[in-house]
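Survey of secondary and tertiary structure
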Amino acid sequence: MINMVEEVEQIEEEAEETPVETFDVSYSCLRCGTSVLNSELSRLPEIKCICGFRVFTKDRPPVVKTVKAI
Ligand SMILES: [Zn+2]
């Protein structure tokens, strides 16, 4: 018997090298892909995209490792 479990990515607080997230974190709507800043979301009465969808994925922080392609 094989149990297949798919893990669903959720918006969680990531305890990484970043000490405190004071900058704006941007989220992308899962449906239309619109980027919304965390500060803009907190301003709204409810977490909701302009398209009405409520599921967002956290965008990667601006600090990205750059790898030289040879
Ligand atoms: Zn949307």
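Data block above holds the structure.
Everything numeric here is computed off the predicted structure, so don't read it as measured data.

1. A closer look at the overall build of the protein
From N to C terminus, the protein includes 1 helix and 3 strands. Reading the helices (α) and strands (β) of the protein from amino to carboxyl end gives β-β-α-β. When the 70 residues of the protein are sorted by exposure, 6% land in the buried category. Nonlocal contacts in the protein, meaning residues at least 24 apart in sequence, comprise 39% of its contacts between residues at least 6 apart.

2. Observations concerning the sheet that holds strand β1 (residues 26–29)
Sheet architecture is open: 3 strands sit in the order β2-β1-β3, paired in antiparallel fashion. The open sheet has two free edges, formed respectively by β2 (35–37) and β3 (56–58), since each of these has just one partner strand. Strand-to-strand twist across the sheet, computed as the mean angle between neighbouring axes with direction ignored, equals 35 degrees. Where β1 meets β2, 3 bridges bridge the pair, whose relative direction is antiparallel. Along β2, the bridge assignment pairs Ser 28 with Ser 35.

Conventions and cut-offs
- Residues numbered from 1 in each chain as written.
- Predicted model: local features only at pLDDT ≥ 70, side-chain atom pairs only at ≥ 80, totals over all residues.
- Helix = DSSP H or I, 4+ residues; strand = E, 2+ residues; numbered from the N terminus.
- Buried ≥ 20, exposed ≤ 12 C-beta atoms within 10 Å, placed from the backbone.
- Contact = placed C-beta atoms within 7 Å.
- Pairing = 2+ DSSP bridges.
- Axes fitted to C-alpha atoms, helices over the stretch in contact; angles between N-to-C directions.

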